[in-house]
Amino acid sequence: MSNAVWTIMKILNWTKQYFAEKGVEDPRSDAEVLLCAVLKCERLTLYVDFERPLTEEELALMRKYVQRRAQHEPINYILGEKAFMRNVFKVTPATLVPRPETELLVESLVKAAPFFQPEGAVKILDIGTGSGAIIVSLLDYLPQAKGVGVDISVDALVVAKENAEKIGVKERCGFLRSDVFSRVPPEKKFDIIVSNPPYIPAADIATLAQDVQQEPHGALDGGADGLDFYRRICAEAAEHLADDGLLAFEIGINQSEDVCALCLEHGFKQAVVRKDYAGIDRMVFALKEKEGEDKYADLLLEVTKEL
Ligand code: SAM
Ligand code: GLN
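Peer 1: If you had to explain the site of ligand 2 to someone new, which residues and values would you point to?
Peer 2: Looking at ligand 2, the residues that line it are Arg 99, Asn 196, Pro 197, Pro 198, Tyr 199, Ile 200, Ala 219 and Leu 220. The side chain of Asn 196 places a nitrogen or oxygen atom 2.8 Å from a nitrogen atom of ligand 2. Separating an oxygen atom of ligand 2 from a backbone N or O atom of Tyr 199 is a distance of 2.9 Å. Surface burial for ligand 2 is 88%, taken as the share of its 300 Å² of free accessible area covered by protein chains. Here the shell around ligand 2 is composed, by residue class, of six nonpolar, one polar and one charged.

Peer 1: Break down the state of the cysteines for me, with residues and values.
Peer 2: For the structure shown, the criterion picks out zero disulfides. Summary of cysteine pairing: Cys 36 is not part of a disulfide, and the nearest cysteine sulfur, belonging to Cys 41, is at 4.2 Å. Unpaired in this structure, Cys 260 has its nearest cysteine sulfur neighbour in Cys 263, at a distance of 6.2 Å. On the basis of relative accessibility, which here comes to 13%, the residue Cys 260 falls in the buried class.

Peer 1: Summarise unusual backbone geometry; cite the residues concerned and give the values.
Peer 2: Although it is not a glycine, His 72 sits at a positive phi angle of roughly 65°. In this fold, His 72 is placed in the loop between helix H4 (56-70) and helix H5 (75-79).

Peer 1: Let's hear about helix H2 (residues 27-39): which residues, and what values?
Peer 2: In this model, H2 (13 residues) spans 18 Å end to end at C-alpha, consistent with the 18 Å of a helix rising 1.5 Å per residue. Among the residues making up H2, those that are buried are Pro 27, Asp 30, Ala 31, Glu 32, Leu 34, Leu 35, Cys 36, Val 38 and Leu 39. Of the surrounding elements, those touching the buried residues of H2 are helix H1 (8-21), helix H3 (43-48), H4 and H5. Lys 40, located one to two residues past H2, shows a positive phi value of around 50°.

Peer 1: Could you give me a rundown of the packing of aromatic side chains, with the residues and numbers involved?
Peer 2: One pass over the full model with this rule turns up four aromatic pairs. Ring geometry for Trp 6 against Trp 14: centres 6.2 Å apart, planes inclined by 85°, an arrangement best described as edge-to-face. Owing to a relative accessible area of 5%, Trp 6 belongs among the buried residues under this scheme. A residue is classified by how much of its surface remains accessible, and Trp 14, at 30% relative accessible area, is partly exposed. Note on Phe 84 and Phe 89: the rings are 5.9 Å apart at their centroids and 90° apart in plane angle, and the pair reads as edge-to-face. Neither Phe 84 nor Phe 89 differs from the other in exposure class; each is buried. A connected cluster of aromatic rings, assembled from ring pairs, spans Trp 6, Trp 14 and Tyr 18.

Peer 1: Which residues make up the sheet that holds strand E7 (residues 241-250), and what values go with them?
Peer 2: What the seven strands build is an open sheet, ordered E5-E4-E3-E6-E7-E9-E8; its pairing is mixed. The open sheet terminates on both sides in strands that have one partner only, identified here as strand E5 (173-177) and strand E8 (270-275). Sheet twist, expressed as the average angle between the axes of neighbouring strands with direction ignored, equals 15°. Across five bridges, the pairing between strand E4 (residues 146-151) and E5 is parallel. When the sheet's bridge partners are listed, Val 148 is paired in E5 with Gly 174. Against the sheet, helix H6 (residues 100-116) touches strand E6 (190-195), E7, E8 and strand E9 (281-287), its axis set at about 165° to E7. With respect to the sheet, helix H7 (residues 133-141) is in contact with strand E3 (123-127), E4, E5 and E6, its orientation differing from that of E4 by roughly 175°.

Peer 1: Let's hear about helix H12 (residues 297-304): which residues, and what values?
Peer 2: Restricting attention to buried positions, one finds in H12 the residues Leu 299, Leu 300, Val 303 and Thr 304. Viewed end-on, H12 has its buried residues packed into an arc of 120°, placing them on one side of the element. Opposite the buried face of H12, at more than 90 degrees from it, the exposed residues are Asp 298 and Leu 301. Residues of H12 that are buried make contact with H6, E7, E8 and E9.

Peer 1: So what about the site of ligand 1? Which residues, and what values?
Peer 2: Within the structure, ligand 1 sits among 20 residues, and Gly 128, Asp 151, Asp 179, Val 180 and Asn 196 are positioned closest to it. Backbone polar atom of Thr 129 to a nitrogen atom of ligand 1: 3.3 Å apart, as the coordinates give it. Asn 196 places a side-chain nitrogen or oxygen 2.9 Å from an oxygen atom of ligand 1. Summarising the interface, the protein chains cover 94% of the accessible area of ligand 1, which totals 600 Å² for the free molecule. Residue composition of the shell around ligand 1, by class: nine nonpolar, eight polar and three charged.

Here is what the cut-offs are and how they apply
Residues numbered from 1 in each chain as written. Chains lettered and ligands numbered in written order. Predicted model: local features only at pLDDT ≥ 70, side-chain atom pairs only at ≥ 80, totals over all residues. Heavy atoms only, no water. Near = heavy atom within 4 Å. Polar contact = N/O pair within 3.5 Å; in protein donor to acceptor, adjacent residues only side chain to side chain. Areas by Shrake-Rupley, 256 points an atom, 1.4 Å probe, with all protein chains shown as cover. Nonpolar A, V, L, I, M, F, W, Y, C, P; charged D, E, K, R; others polar. Disulfide = S-S within 2.5 Å. Buried < 20%, exposed > 50% of the residue type's maximum accessible area, 1.4 Å probe, protein only. Helix = DSSP H or I, 4+ residues; strand = E, 2+ residues; numbered from the N terminus. Expected span 1.5 Å × (residues − 1). Contact = heavy atoms within 4.5 Å. Phe/Tyr/Trp six-rings, centres within 6.5 Å; stacked < 30°, edge-to-face > 60°. Pairing = 2+ DSSP bridges. Axes fitted to C-alpha atoms, helices over the stretch in contact; angles between N-to-C directions. Arc of directions from axis to C-beta.

As structure tokens, this is what we get:
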């Protein structure tokens with residue numbers, strides 16, 4: 001970028017071209033989103049004011065953003081935020097950027113909660129909470145519910161707490177640094193345990209998109225076959241659940257059979273799978289009902305129903 005006059009249109013065209021050369025996946029959209037962040041404006045404004053020159057400060061900030069994105073830093077780390085469900089979550093390089101598939105998991109659980117308690121007054125535990133996207137959204141949609149988010153990363157927990165405060169659920173949400181269940185008191189029983197754990201097989205991480213590789217590996221790495229966290233969580237979840245409790249997982253590609261089998265091995269009576277928008281098995285829900293009971297057959301139908 002030279003020091004000639006840079007109008008909105010000129011900088012957009014230049015950036016788009018530069019991103020395309022650098023292999024950025026969505027060059028035009030990313031150029032627009034970053035320029036909007038610099039100018040603090042809506043995307044439409046870019047087209048209305050396309051001849052407006054940028055100030056020096058604006059240009060300097062845009063240069064920084066463009067350099068970062070050209071190195072495949074996830075755009076949401078540059079923006080510092082990501083929209084999820086009906087809120088905008090703070091994200092930092094300590095947190096995974098919440099994914100659209102995970103919204104489906106949250107929607108399913110919002111529908112499940114009233115099966116357990118009137119008005120959805122459930123107790124929920126979120127393992128590997130990251131930015132808090134799952135637990136904070138659930139508490140936002142279920143105003144009578146209470147929750148706890150655990151993570152091994154202190155830096156992620158700081159962000160999750162900020163999100164809980166900003167979104168107005170702080171009073172109903174505790175956060176705990178814990179290695180899976182290690183510091184979760186066993187006498188506390190939850191109606192729902194949810195987790196989107198790290199599930200990428202370790203050897204596959206190097207093959208992921210460059211952007212994803214810049215997310216914390218501790219949020220992605222699920223061990224040799226990607227199933228380490230499902231093994232650990234399934235082994236202990238029943239102990240932390242109420243008698244009829246629900247265990248809900250996001251899962252990776254080709255993991256549904258193994259994860260269902262793990263649930264059934266560890267005291268869960270039924271396990272069902274729900275697909276994502278791409279038709280890939282993406283969630284597993286397992287119920288801890290007693291043998292012979294079938295109280296929640298409707299619940300399982302409801303949570304697995306595609307929209
Ligand atoms: N729940 C968030 C979401 O859906 O966007 C983040 C999910 S991310 C895939 C997995 C999270 O698990 C990361 O925040 C990571 O720090 C956390 N984690 C990794 N190992 C853990 C462990 N041993 N105990 C608890 N949390 C762990
Ligand atoms: N969904 C993430 C991805 O796109 C993986 C997150 C996880 O391991 N849970 O790769």
